[in-house]
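# Structure at a glance
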Protein chains: 2
Amino acid sequence: MKTRAWATPAADQPLAPFEVDRREVGPLDVQLDILFSGICHSDIHQARGEWGNSKFPMVPGHEIVGRVTKVGAQVTKLKVGDLAGVGCMVDSCRTCAPCDHGDEQFCQKGSAFTYNSTEMDRKTPTYGGYSKQVVVTEHFTLKVPTSLALQGVAPLLCAGITTYSPLRQWNCKKGDRVGVVGLGGLGHMAVKLAAAMGAEVTMLSTSRSKEADATRLGATSFALTTERSTFKTLAGQFDLLIDTVSAPHDLNSYLGLLRPYGAMALVGVPPKPLEVAAFSLINGNRRLAGSSIGGIRETQEMLDFCAKHQIVADVEVIPAEKINVAYERMVKNDVRYRFVIDAATI
Amino acid sequence: MKTRAWATPAADQPLAPFEVDRREVGPLDVQLDILFSGICHSDIHQARGEWGNSKFPMVPGHEIVGRVTKVGAQVTKLKVGDLAGVGCMVDSCRTCAPCDHGDEQFCQKGSAFTYNSTEMDRKTPTYGGYSKQVVVTEHFTLKVPTSLALQGVAPLLCAGITTYSPLRQWNCKKGDRVGVVGLGGLGHMAVKLAAAMGAEVTMLSTSRSKEADATRLGATSFALTTERSTFKTLAGQFDLLIDTVSAPHDLNSYLGLLRPYGAMALVGVPPKPLEVAAFSLINGNRRLAGSSIGGIRETQEMLDFCAKHQIVADVEVIPAEKINVAYERMVKNDVRYRFVIDAATI
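Note that the structure is a prediction, hence the values are computed from the model and not measured. (Residues numbered from 1 in each chain as written. Chains lettered and ligands numbered in written order. Predicted model: local features only at pLDDT ≥ 70, side-chain atom pairs only at ≥ 80, totals over all residues. Heavy atoms only, no water.)

Mapping chain A onto chain B leaves a residual RMSD of 0.0 Å; the transformation is a rotation of 180 degrees accompanied by 0.0 Å of translation along its axis. Here the two chains are linked by the operation of a two-fold rotation axis. When each C-alpha of chain A is compared by its distance to the rotation axis, Glu275 of chain A comes out closest, at 2.2 Å. Mapped onto chain B, 100% of the interface residues of chain A are again interface residues, and the two copies thus contact each other with one and the same surface. (Least-squares fit on C-alpha atoms with pLDDT ≥ 70 in both. Contact = heavy atoms within 4.5 Å.)

As a further point, take the packing of aromatic side chains. Residues and elements named next belong to chain A. Applying the stated criterion across every chain, the model contains 10 aromatic pairs over all chains. Ring geometry for Phe18 against Tyr127: centres 6.1 Å apart, planes inclined by 55 degrees, an arrangement best described as tilted. One end of the pair, Phe18, is in strand 2 (residues 16-21); the other, Tyr127, is in the loop between strand 9 (125-126) and strand 10 (133-137), with 109 residues separating them in the sequence. With a relative accessible area of 28%, Phe18 lands in the partly exposed category. (Phe/Tyr/Trp six-rings, centres within 6.5 Å; stacked < 30°, edge-to-face > 60°. Helix = DSSP H or I, 4+ residues; strand = E, 2+ residues; numbered from the N terminus. Buried < 20%, exposed > 50% of the residue type's maximum accessible area, 1.4 Å probe, protein only.)

Let's shift gears to the confidence of the model for chain A. For chain A, mean pLDDT is 97; residues scoring 70 or higher make up 100% of the total. In the predicted assembly, ipTM is 0.95 and pTM is 0.95. (pLDDT = per-residue confidence, 0-100.)

Quick look at the interface of chain A and chain B now. Contact with chain A, which involves 33 residues of that partner, is made by 33 residues of chain B. Its largest share of buried area at the contact with chain B, chain A owes to Phe106, Ile282 and Asn285 of chain A, together 19% of the area lost on that side. Where chain A packs against chain B, one counts zero salt bridges. Within the residue set of the side of chain A that touches chain B, elements represented by two or more residues are helix 4 (159-169), strand 16 (258-266), strand 17 (274-276), helix 9 (278-282) and strand 18 (287-290) of chain A. Within the side of chain A that touches chain B, the residues separate by chemical class into 19 nonpolar, 10 polar and four charged. Looking at chain direction, strand 17 of chain A and strand 17 (residues 274-276) of chain B are connected through three bridges and run antiparallel. (Buried area = accessible area lost by both parts, 1.4 Å probe. Salt bridge = Lys/Arg side-chain N within 4 Å of Asp/Glu carboxyl O. Nonpolar A, V, L, I, M, F, W, Y, C, P; charged D, E, K, R; others polar. Pairing = 2+ DSSP bridges.)

Before going further, it helps to spend a moment on the packing of helix 4 (residues 159-169) of chain B against helix 10 (residues 296-309) of chain B. Residues and elements named next belong to chain B. Two elements in contact, helix 4 and helix 10, have axes whose closest approach is 10 Å; the angle formed by their N-to-C orientations is 95 degrees. One element, helix 4, and the other, helix 10, form an angle in the roughly perpendicular class. Packed against helix 4, whose contacting residues are Gly160, Ile161, Tyr164, Ser165 and Arg168, the element helix 10 presents Glu298, Thr299, Glu301, Met302 and Phe305 at the interface. For the contact of helix 4 with helix 10, the residue count by class is four nonpolar, three polar and three charged. (Axes fitted to C-alpha atoms, helices over the stretch in contact; angles between N-to-C directions. Parallel < 35°, antiparallel > 145°, perpendicular 65-115°, else oblique.)

This part is about the nonpolar core. Residues Ile39 of chain A together with Ile39 of chain B are the most contacted members of the largest nonpolar core, which totals 190 residues. Those residues in contact with Ile39 of chain B that lie beyond four places of it in its chain are Glu63, Tyr130, Ile318, Ile323, Ala326, Tyr327, Met330, Arg338, Phe339 and Ile341 of chain B. Core analysis: the next-biggest nonpolar cluster, separate from the first, contains 42 residues, Phe231, Leu251 and Leu257 of chain A together with Leu234 of chain B among them. (Core = buried A, V, L, I, M, F, W, Y, C linked by side-chain atoms within 4.5 Å.)

Across the chain, the bulk of peptide bonds are trans and the bulk of non-glycine residues have phi less than zero. Of the consecutive residues Phe56 of chain A and Pro57 of chain A, the connecting peptide bond is found in the cis state with omega at -5 degrees. Mapped onto the elements of the fold, Pro57 of chain A is located in the loop between helix 1 (41-47) and strand 4 (64-71). Residue Tyr337 of chain B is reached from Arg336 of chain B by a cis peptide bond, and omega for that bond is 0 degrees. Position of Tyr337 of chain B relative to the elements: it lies in the loop between helix 11 (323-331) and strand 20 (338-342). With a phi close to 55 degrees, Asn116 of chain B is a non-glycine residue in the positive phi region.

All names here are of chain A. Here helix 5 (residues 185-196) contains 12 residues, and its C-alpha end-to-end distance of 17 Å stays within 8% of the 16 Å for a straight helix at 1.5 Å per residue. Of all 12 residues in helix 5, 10 are buried; the element is thus mostly enclosed. Within helix 5, burial applies to Gly185, Leu186, Gly187, His188, Met189, Ala190, Val191, Lys192, Leu193 and Ala194. Just downstream of helix 5, Gly198 is the residue with a positive phi angle, here 100 degrees. (Expected span 1.5 Å × (residues − 1).)

All names here are of chain A. Secondary-structure assignment places Arg4 in strand 1 (residues 2-7). A C-alpha to C-alpha distance of 6.1 Å links Arg4 and Phe18, two positions 14 residues apart in sequence. Not counting the four nearest positions on each side in its chain, Arg4 is found in contact with Phe18, Ser131, Lys132 and Ile346. A polar atom in the side chain of Arg4 sits 3.1 Å from the backbone oxygen of Ile346. (Polar contact = N/O pair within 3.5 Å; in protein donor to acceptor, adjacent residues only side chain to side chain.)

Another aspect to go through is helix 11 of chain B. Residue and element names in this part refer to chain B. Those residues of helix 11 that sit buried are Ile323, Ala326, Tyr327 and Met330. Projected down its long axis, helix 11 carries its buried residues within an arc of 105 degrees, all on one side. Buried-residue contacts for helix 11 involve strand 1 (2-7), strand 3 (29-39), helix 1 (41-47), strand 19 (315-318) and strand 20. In the segment just after helix 11, Asn333 is the residue with positive phi, at about 60 degrees. (Arc of directions from axis to C-beta.)

The next thing to look at is a negative patch on the surface. Judged by side-chain charge, Asp250 and Glu275 of chain A together with Asp250 and Glu275 of chain B come together as a negatively charged surface patch. Here Glu275 of chain A shows up in strand 17. (Patch = residues over 30% accessible without salt bridge, like charges linked within 9 Å, V, L, I, M, F, W, Y side chains within 5 Å. Areas by Shrake-Rupley, 256 points an atom, 1.4 Å probe, with all protein chains shown as cover. Lys, Arg positive; Asp, Glu negative; His and termini not counted. Charge placed at Lys NZ, Arg CZ, Asp CG, Glu CD.)

Residues and elements named next belong to chain A. According to the domain assignment, chain A consists of domain 1 (2-155 + 314-345) and domain 2 (160-290). The straight-line distance from the C-alpha centre of domain 1 to that of domain 2 is 28 Å. At the junction of the two partners, domain 1 supplies five residues and domain 2 supplies 11 residues. When domain 1 packs against domain 2, close to 760 Å² is buried across both sides, 43% of that on carbon and sulfur atoms. (Domains from an automatic or database assignment.)

In structure tokens form, the structure reads like this:
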């Protein structure tokens with residue numbers, strides 16, 4: 001089935017209209033009319049070939065919300081007319097230990113990612129959510145709560161789960177002191193989610209201009225990381241830091257903010273390796289961790305949590321013809337906090 | 001009370017006989033006749049002023065085993081004639097949150113370390129175990145099992161707890177795959193302890209000459225880290241890595257050996273910060289942790305565990321007059337695996 005999309009023809013070219021051929025709905029497949037598709041910073045990295053693994057033409061987009069238009073005979077999770085979501089993955093081997101554990105993102109055979117990847121046959125290219133329709137195997141669809149504004153739900157499928165998962169892994173709970181480093185697409189979700197979990201959230205930012213927003217999003221404190229005094233005043237105060245920064249920064253300073261046994265979870269990817277002094281970790285038995293999106297079960301749990309706490313992303317909805325402009329604005333951090341494409345305009 | 005000791009007069013001078021004035025035994029104090037005192041690599045760093053915090057004259061030594069010769073009126077843990085141990089600390093504030101939690105090594109007021117430190121009055125210098133006698137407040141003494149060879153017990157007070165603690169923090173258990181990086185004083189204890197906990201232990205070493213010893217100590221596999229193929233063959237295999245290496249090395253390669261959610265615990269201190277790529281941690285939700293000795297309660301637990309499993313350090317007992325020679329040999333890694341001073345020769 002042919003469907004309209006926007007694609008990047010090559011790393012040095014802008015996105016333009018394109019046509020994708022989606023597979024016919026199989027017994028376990030779900031077909032969606034896409035309603036909203038979020039723009040993630042990783043879309044830009046891959047569309048521009050910055051991670052060295054780009055396949056063109058590329059239809060980016062892994063923050064997809066839509067309505068079910070067709071289901072295969074064996075599908076039980078969703079029915080026609082339901083709202084559904086698709087995140088960063090569309091398949092995995094589903095038999096290895098990580099898949100069995102619900103960590104399809106760590107599939108030992110390699111997950112099938114939603115775009116710039118292949119299906120598990122390792123031949124059929126995958127095309128993402130900047131598109132009118134998509135067909136995905138049932139297991140990799142999510143049920144979308146009907147009580148939330150759908151344009152704000154789309155970014156939950158990547159930015160939401162990427163910040164929810166480390167908060168859960170490190171047992172964020174009522175009364176914990178959580179610091180969120182950087183207020184962008186990921187950071188603003190981390191603040192909302194951690195606050196909803198009952199944590200006292202401190203926003204750690206390079207820019208005083210973010211303070212009012214941080215407070216509105218749920219942070220109870222704000223600290224400027226451009227001031228050395230911040231790292232003295234707050235030394236040893238945090239149970240958990242969620243580091244969303246993808247620019248170079250000094251991890252050792254941040255590690256000093258952790259209590260004994262505290263953890264700093266990286267979800268941003270700076271362009272170069274970062275220096276870590278062994279003493280920064282040894283002193284206080286501190287932990288530096290990474291976290292990569294989340295499995296399907298945990299993503300559903302996150303969506304249900306967001307429904308319960310009425311959490312969505314703060315978004316600016318754009319028509320498809322503004323995607324290239326949006327990319328430019330994102331590179332300048334000029335968005336609060338996520339662009340979402342209105343798929344009706346594709 | 002005057003007692004004989006060996007001290008470093010200055011960073012550029014060898015150790016020589018010295019006399020220490022120990023305090024009179026107070027109501028909560030325990031006085032020991034020292035029997036054996038282990039030599040830790042950190043003794044050399046501090047005696048030679050390599051960590052920038054050295055106070056001279058310095059009597060090193062924080063792996064102390066002795067026999068109780070006097071106890072204060074309120075002491076209940078030990079009585080005259082008992083075996084006792086003293087590790088890296090001799091006091092802490094005992095009221096802050098970490099102390100309350102049993103982590104006296106992270107005392108918010110700063111622990112009183114066994115040497116090159118001060119008592120909690122921040123005036124009285126502390127002198128370590130290269131000495132005939134020592135007086136320590138009861139809380140910071142350990143009960144030493146009578147069933148173990150005492151010269152091999154001394155290194156448990158630092159090398160033992162330093163490796164036991166991360167194994168416990170990361171829940172090492174039967175069937176886990178644990179890699180120990182580096183076979184020295186710390187590494188040989190990590191192998192023995194992890195094996196006794198039921199883990200399958202792999203020794204990761206730069207030298208094939210360590211293989212026979214690794215096997216004897218309890219490792220079931222051996223891999224050469226000088227061969228790139230090791231990092232392919234063993235990729236994603238380990239639940240836990242205990243990294244005892246204090247030389248520069250590529251952490252990213254080792255992180256790739258971890259399973260999803262696996263942890264690498266640093267207990268060695270390389271001279272310079274190490275580079276960590278965010279993707280090394282993000283891919284697989286991996287953790288890089290540090291671990292610093294252990295609290296008194298956990299140190300006692302470790303000694304009791306060692307008694308149960310008949311674990312002691314492999315040592316070479318030397319007379320005090322060989323301390324300087326021992327330092328030179330340790331710098332060349334020429335010891336299997338710990339020097340211990342026979343305190344009768346001091």
